[in-house]
Amino acid sequence: MPALVVVGLQWGDEGKGRIIHTFSRHADAVARYQGGNNAGHTLVLGNNEILALHLVPSGIVYPKVRCYIGNGVVVDPKALYEEVETLKKRGIKFTGRLGISPLCHVILPYHLQFEKYLGEGSRLGTTQRGIGPAYADKIARDGVRLMDYLDRDLLREKVIRNTRTKLSAFARPAEIRAVENQIFQEHKRLAPFLKPLVSDVSLELFTMLAKGKRVVLESAQGTFLDVDFGTYPYVTSSNPIASFAPCGVGLGPKSVDAVLGVAKLFTTRVGEGPFPSEIKGPLANRIRESGLEYGATTGRPRRIGYLDLPLLKKACRINGVDRLALTKLDTLAGVRPLRVCIGYKWRGRILREMPDDPRLLNGAQLIYKEFSGFSADLGGITRYAGLPASAKKLIDEVMEFTGVPAAIVSVGRSTKNQVILDPKFLKEWL
Ligand code: IMO
Ligand code: MG
């Protein structure tokens, strides 16, 4: 013990990478538990260098931290190879540091083609990385696991069965053969890269925890992109919520000691789907520009909205959040007044938790509370007492509404720019 889950509480891009970067400094291992290279975790290193990670866990920047990709993740071998090569060029050492579960399902070129063919990319606004089709194959028992991928004959058999049944509806036989050949050609280069990375993630993490080592379980995406609890069907195809974390790495539920929920102090979303507190026009543009709110994976401009407390309250409940990490307070400087959603009004009733029903999500009237806002540059502030009064009121409101204390508030891009509210909680981890 202990294991800490770091989970996103909104629609992704909450700043999970940055928070894990902070928390994994003294961790022994960081393990990703779901999603794939649809994720984009941006880290700002000490020298202001920016690192965008997609599959590799955010702990990789610390040489002593061992990084794992758990069974719940879908791995595109080519994307992983390219990411590792890029990171190596940036001076990050990989030898003996990255382990991947053989139970991970792999994303193959036909998954990307299938996503395009189904038109999911445009209908749902996906990242077009083949995530949905790869998870669909996993559940349908047609998937190729990493252990299958490394067995050349089994790979050939599975690929041919899948391509011929799944692609025949929209691709000509010559095209199907071309995809198959592409997979077998790439396999020659990618299998020797992947083979030494295979490790029994479940057993290794279990052993580390038994020895009292510190393990961070890293989510991708966020609670409202969760396939069960998100704004279905505008969701991703996995379960980012905290209770999936032990499943996605092969640990028992009692191995989790604490859940840290990450939320931005406003809301963003990439892709289609309901977004009740969305704002458009000059204010949205201003927040997008000052917060650099563009997708780290696809470069798409993120949709912008006010902080939605009923949404956050529900996320805290579903994830069993112990402490909050609130990010990007600095982006709100100069937004005056500052509006925060505190309720959904539907047919005369006021709801304090965001509803599931899309009719309510689209039709309810949102109730806002206004704060006067602040204009100061928050960069150098490291203590709660040093924050402007209106910023303190905002943070207090979030804690009171959700019933969850905040441990950390970020006030600038670097991990140095943060206010610590709960030194005791952090001391156990930093
Ligand atoms: P991180 O880890 C924000 C969104 C896509 C789309 C939906 C489904 O950086 O927070 P998919 O390709 O997963 O089938 O797309 O999910 N999406 C994300 N949005 N941050 C992410 O990851 C996301 N990963 C997927 O935009 O709406
Ligand atoms: Mg992101």
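Residues numbered from 1 in each chain as written. Chains lettered and ligands numbered in written order. Predicted model: local features only at pLDDT ≥ 70, side-chain atom pairs only at ≥ 80, totals over all residues. Heavy atoms only, no water.

J.: Help me out: how do you make sense of the coordination of the magnesium ion (ligand 2) in this one?
T.: For a metal with four tetrahedral donors the ideal donor-metal-donor angle is 109.5 degrees, whereas six octahedral donors ideally subtend 90 or 180 degrees. Around the magnesium ion (ligand 2), the protein supplies Asp-13 (OD) and Gly-40 (O) as donor atoms, at distances of 2.0 to 2.2 Å. One end of the pair, Asp-13, is in the loop between β1 (3-8) and α1 (16-23); the other, Gly-40, is in the loop between β2 (29-32) and β3 (41-44), and 27 residues separate them in sequence. Among the residues examined, Gly-40 registers a relative accessible area of 12% and is labelled buried. (Donors = N, O, S within 2.8 Å, 3.2 Å for Na, K, Ca; no water. Helix = DSSP H or I, 4+ residues; strand = E, 2+ residues; numbered from the N terminus. Buried < 20%, exposed > 50% of the residue type's maximum accessible area, 1.4 Å probe, protein only.)

J.: How do you make sense of the sheet that holds strand β12 (residues 278-279) when you look at a structure like this?
T.: Strand pairing in a sheet is mediated by backbone hydrogen bonds. Such pairs are either parallel or antiparallel. Taken together, the three strands give an open sheet; going across it, the order is β11-β13-β12, and neighbouring strands pair in antiparallel fashion. Each edge of the open sheet is held by one strand with a lone partner, namely β11 (267-269) and β12. Contacts from helix α11 (residues 282-290) reach β12 and β13 (303-305), with the element oriented near 110° to β13. (Pairing = 2+ DSSP bridges. Contact = heavy atoms within 4.5 Å. Axes fitted to C-alpha atoms, helices over the stretch in contact; angles between N-to-C directions.)

J.: How do you make sense of α1 when you look at a structure like this?
T.: Because an α-helix packs 3.6 residues into every turn, residues spaced three or four apart end up facing the same way. Among the eight residues of α1, eight are classified as buried, and the element is accordingly described as predominantly covered. Every buried residue of α1 is accounted for by Lys-16, Gly-17, Arg-18, Ile-19, Ile-20, His-21, Thr-22 and Phe-23.

J.: Help me understand the packing of helix α7 (residues 152-166) against helix α8 (residues 173-194), please; the structure alone is not making it clear to me.
T.: Close contact between α7 and α8 brings their axes to 10 Å; oriented N to C, the two are set at 155°. With respect to their mutual orientation, α7 and α8 come out roughly antiparallel. Like other packed secondary-structure pairs, α7 and α8 cross with a definite hand, here right-handed. Contacts from Arg-152, Leu-155, Arg-156, Val-159, Ile-160, Thr-163 and Arg-164 in α7 reach Ile-176, Arg-177, Glu-180, Ile-183, Phe-184 and His-187 in α8. (Parallel < 35°, antiparallel > 145°, perpendicular 65-115°, else oblique. Left-handed = near helix turned anticlockwise from the far one by under 90°.)

J.: Looking at this structure, how should I read the layout of surface pockets?
T.: The probe, sized like a water molecule, is rolled over the atoms to show the empty space still left. By volume, the second largest pocket is sized at about 500 Å³. Lining the second largest pocket are 26 residues, with Gly-15, Thr-42, Gly-291, Lys-328 and Arg-413 positioned closest to its centre. Among the secondary structure elements, those contributing two or more residues to the lining of the second largest pocket are α1, β3 and β4 (50-53). Looking at the lining of the second largest pocket, its residues break down into six nonpolar, 11 polar and nine charged. (1 Å grid on protein atoms, 1.4 Å probe; cavity = no way out; pocket = protein on both sides within 12 Å on 5 of 7 lines; lining within 4 Å. Points joined across faces, edges and corners; volume = space filled by probe spheres on them. Nonpolar A, V, L, I, M, F, W, Y, C, P; charged D, E, K, R; others polar.)

J.: Got a minute to help me understand the sheet that holds strand β15 (residues 323-327) in this structure?
T.: Taken in spatial order, the nine strands of this open sheet run β7-β5-β2-β9-β1-β10-β15-β19-β20, and their pairing is mixed. A single partner strand is all that each edge strand has here, and the edge strands are β7 (98-100) and β20 (418-420). The sheet shows a mean angle of 20° between the axes of neighbouring strands, direction not considered. Note that β1 and strand β10 (residues 258-264) share five bridges and pair parallel.

J.: Help me understand the pattern of salt bridges in this model?
T.: It is possible for side chains bearing opposite charge to pair when their charged atoms get close. For the structure on display, the rule yields 22 salt bridges. Across the pair Lys-16 and Glu-14 runs a salt bridge whose closest N-O atoms are separated by 2.8 Å. The exposure class assigned to Glu-14 is buried, which follows from its relative accessible area of 1%. Between Arg-164 and Glu-180 there is a salt bridge; the shortest N-O distance is 2.8 Å. Highlighted residues: Arg-164 in helix α7 and Glu-180 in helix α8, separated in sequence by 16 residues. Its relative accessible area of 44% is what places Arg-164 among the partly exposed residues. One network of salt bridges, with partners in common, ties together Asp-13, Lys-264, Glu-293, Arg-302 and Lys-328. (Salt bridge = Lys/Arg side-chain N within 4 Å of Asp/Glu carboxyl O.)

J.: How should the packing of helix α12 (residues 309-319) against helix α14 (residues 389-402) be read in this particular structure?
T.: How two helices sit against one another is set out by the angle between their axes and by the gap between those axes. Where α12 meets α14, the closest approach of the two axes is 9 Å, and the angle between their N-to-C directions is 50°. With respect to α14, the axis of α12 lies oblique. Between α12 and α14 lies a crossing of right-handed hand. For the pair formed by α12 and α14, the contact residues are Leu-309, Pro-310, Leu-312, Lys-313 and Cys-316 on the first element and Glu-397, Val-398, Phe-401 and Thr-402 on the second.

J.: Quick question: what am I supposed to make of empty space enclosed by the protein here?
T.: Considering all chains together, one arrives at one cavity of 30 Å³ or more under this definition. What the largest cavity holds in volume is close to 60 Å³. Lining the largest cavity are Leu-265, Phe-266, Ile-287, Gly-305, Tyr-306, Leu-307, Leu-332, Val-335, Leu-338, Arg-339, Val-340 and Leu-394. The element best represented in the lining of the largest cavity is strand β16 (residues 338-346), accounting for three residues. Across the lining of the largest cavity, the residue classes break down as 10 nonpolar, one polar and one charged.

J.: Is there a simple way to think about the site of ligand 1 in this case?
T.: For ligand 1, the set of nearby residues contains 20 residues, the closest of which are Asp-13, Lys-16, Asn-38, Thr-127 and Thr-236. A distance of 2.8 Å separates an oxygen atom of ligand 1 from a polar atom in the backbone of Asp-13. Take Arg-300: an N or O atom from its side chain is 2.9 Å from an oxygen atom of ligand 1. The protein chains hide 97% of the 550 Å² of surface that ligand 1 would expose on its own. Here the residues of the shell around ligand 1 sort into seven nonpolar, 10 polar and three charged. (Near = heavy atom within 4 Å. Polar contact = N/O pair within 3.5 Å; in protein donor to acceptor, adjacent residues only side chain to side chain. Areas by Shrake-Rupley, 256 points an atom, 1.4 Å probe, with all protein chains shown as cover.)

J.: Would you take a moment to explain the nonpolar core for this structure?
T.: A general tendency of soluble globular proteins is for nonpolar side chains to be buried together. One finds Leu-9, Leu-205, Leu-265, Leu-324, Leu-326, Leu-329 and Leu-394 to be the most contacted residues of the largest nonpolar core, which totals 70 residues. Counting residues in hydrophobic clusters, the runner-up holds 59 residues, among them Leu-87, Cys-104, Val-106 and Ala-407. (Core = buried A, V, L, I, M, F, W, Y, C linked by side-chain atoms within 4.5 Å.)

J.: Got a minute to help me understand the environment of Thr-223 in this structure?
T.: Its place among the elements puts Thr-223 in the loop between β9 (215-218) and α10 (245-249). Overall, Thr-223 belongs to the buried group, its relative accessible area being 0%. Distance in space between the C-alpha atoms of Thr-223 and Asn-162 is 31 Å, their sequence separation being 61 residues. Residues contacting Thr-223, with those up to four places away along its chain left out, are Gly-8, Leu-9, Gln-10, Phe-229, Gly-230, Ile-241, Ala-315 and Asn-319. Looking at Thr-223, its side chain comes within polar contact range of the main-chain oxygen of Gly-8, at 2.8 Å.

J.: Explanation requested: the packing of aromatic side chains in the structure shown.
T.: Within a pair of aromatic rings, the relevant descriptors are the distance that separates the centres and the angle that separates the planes. Within the structure shown, the criterion is met by eight aromatic pairs. Their ring planes at 55° and their centres at 5.2 Å tell us that Trp-11 and Phe-275 sit as a pair that is tilted. With Trp-11 in the loop between β1 and α1 and Phe-275 in the loop between β11 and β12, the pair connects residues that are 264 residues apart, well separated along the chain. Grouping residues by exposure puts Trp-11 and Phe-275 together as buried. With a centroid separation of 6.2 Å and an interplanar angle of 40°, the aromatic rings of Phe-114 and Tyr-117 are classed as tilted. Of this pair, Phe-114 and Tyr-117 are both found in helix α3 (residues 109-118), three residues apart, which corresponds to roughly one turn of the helix. Given the relative accessible area of 41%, Tyr-117 is considered partly exposed. A connected cluster of aromatic rings, assembled from ring pairs, spans Trp-11, Phe-224 and Phe-275. Above the ring of Tyr-368, the side-chain terminus of Arg-339 is found at 4.4 Å from the ring centroid. (Phe/Tyr/Trp six-rings, centres within 6.5 Å; stacked < 30°, edge-to-face > 60°. Lys NZ or Arg CZ within 6 Å of the ring centre and 35° of its normal.)

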